[in-house]
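# Coordinate inspection notes
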Amino acid sequence: MRIYVKIEMEMNFFWNRSNVEHIGKHGISTLQAEYIVENASPPYPRMIGESKRIVIGKLANGEYLQVIYVPSRVIKDAVYVIHARPLTKDEKKHFRRRMR
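Predicted, not measured: the structure shown is a model, and the values here were computed from it.

Conventions adopted
- Residues numbered from 1 in each chain as written.
- Predicted model: local features only at pLDDT ≥ 70, side-chain atom pairs only at ≥ 80, totals over all residues.
- Heavy atoms only, no water.
- Helix = DSSP H or I, 4+ residues; strand = E, 2+ residues; numbered from the N terminus.
- Buried < 20%, exposed > 50% of the residue type's maximum accessible area, 1.4 Å probe, protein only.
- Contact = heavy atoms within 4.5 Å.
- Patch = residues over 30% accessible without salt bridge, like charges linked within 9 Å, V, L, I, M, F, W, Y side chains within 5 Å.
- Areas by Shrake-Rupley, 256 points an atom, 1.4 Å probe, with all protein chains shown as cover.
- Salt bridge = Lys/Arg side-chain N within 4 Å of Asp/Glu carboxyl O.
- Lys, Arg positive; Asp, Glu negative; His and termini not counted.
- Charge placed at Lys NZ, Arg CZ, Asp CG, Glu CD.
- Pairing = 2+ DSSP bridges.
- Phe/Tyr/Trp six-rings, centres within 6.5 Å; stacked < 30°, edge-to-face > 60°.

Right, let's talk about the environment of tyrosine 44 for a bit. With respect to the helices, strands and loops of the structure, tyrosine 44 is situated in the loop between helix H2 (30-38) and strand S2 (46-47). Tyrosine 44 sits in the buried class, given a relative accessible area of 6%. Sequence-wise, tyrosine 44 and asparagine 19 are 25 residues apart; in three dimensions their C-alpha atoms are separated by 21 Å. Setting aside its immediate chain neighbours within four residues, tyrosine 44 contacts Ile54, Val55, Ile56, Phe95, Arg98 and Met99.

As structure tokens, then:
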């Protein structure tokens, strides 16, 4: 049996032209990406590499997003979003099934 603990804490984000433009190409705003990360529900965030974390979640408007971030190298205790995009139809189905 897995036990998850959600710790409420304010996260700091480091945004620059590069990551803002990258997620913008996928139609995602900084506020949307921050919302997904800050409102992660177990089993997210999940490690997907040495320092990368992934979060999949749902916006208030019903849209499902995937956000990948790493610790910021510029600002201590901040995260740097390296990727964000909407889920595909199949990914949404898998996510909803998994979260039941």
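With that settled, consider a positive patch on the surface. A grouping of Lys58, Lys89, Lys93, Arg96 and Arg97 is seen on the molecular surface, where their side chains present a positively charged patch. Residue contributions to the positive patch peak at four residues, all from helix H3 (residues 89-98). Looking at the element boundaries, arginine 96 is found in helix H3.

In this section: the sheet that holds strand S4 (residues 64-71). Across the sheet, which stays open at both edges, the five strands sit in the order S1-S5-S4-S3-S2 with mixed pairing between neighbours. A strand with exactly one partner marks an edge of an open sheet, and here the two such strands are strand S1 (12-13) and S2. As judged from the two bridges shared by S2 and strand S3 (residues 53-58), these two strands associate in the antiparallel manner. Note on S3: the bridge partner recorded for methionine 47 is arginine 53.

Locating glutamate 38 in the fold gives a position in helix H2. You can call glutamate 38 partly exposed: its relative accessible area is 33%. For the pair formed by glutamate 38 and glutamate 10, sequence separation is 28 residues and the distance between their alpha carbons is 7.4 Å. Ignoring anything within four residues of it in the chain, the contact list for glutamate 38 reads Met11 and Phe13.

On to the packing of aromatic side chains, then. For the structure on display, the rule yields four aromatic pairs. The interplanar angle of 40° and the centroid separation of 6.2 Å between the aromatic rings of tyrosine 44 and phenylalanine 95 together place this pair among those described as tilted. Remark: phenylalanine 95 occurs in helix H3 and tyrosine 44 occurs in the loop between H2 and S2; sequence separation between them is 51 residues. What makes phenylalanine 95 buried here is its relative accessible area of 9%. Aromatic side chains tyrosine 64 and phenylalanine 95 sit 5.6 Å apart centroid to centroid with 70° between the ring planes, which places their arrangement in the edge-to-face category. Here the residue tyrosine 64 occupies a position in strand S4, and phenylalanine 95 occupies one in helix H3, the gap between them amounting to 31 residues. Considered together, tyrosine 64 and phenylalanine 95 belong to a single accessibility category, that of buried residues. Feature note: the residues Tyr44, Tyr64 and Phe95 constitute an aromatic cluster, connected by ring pairs.

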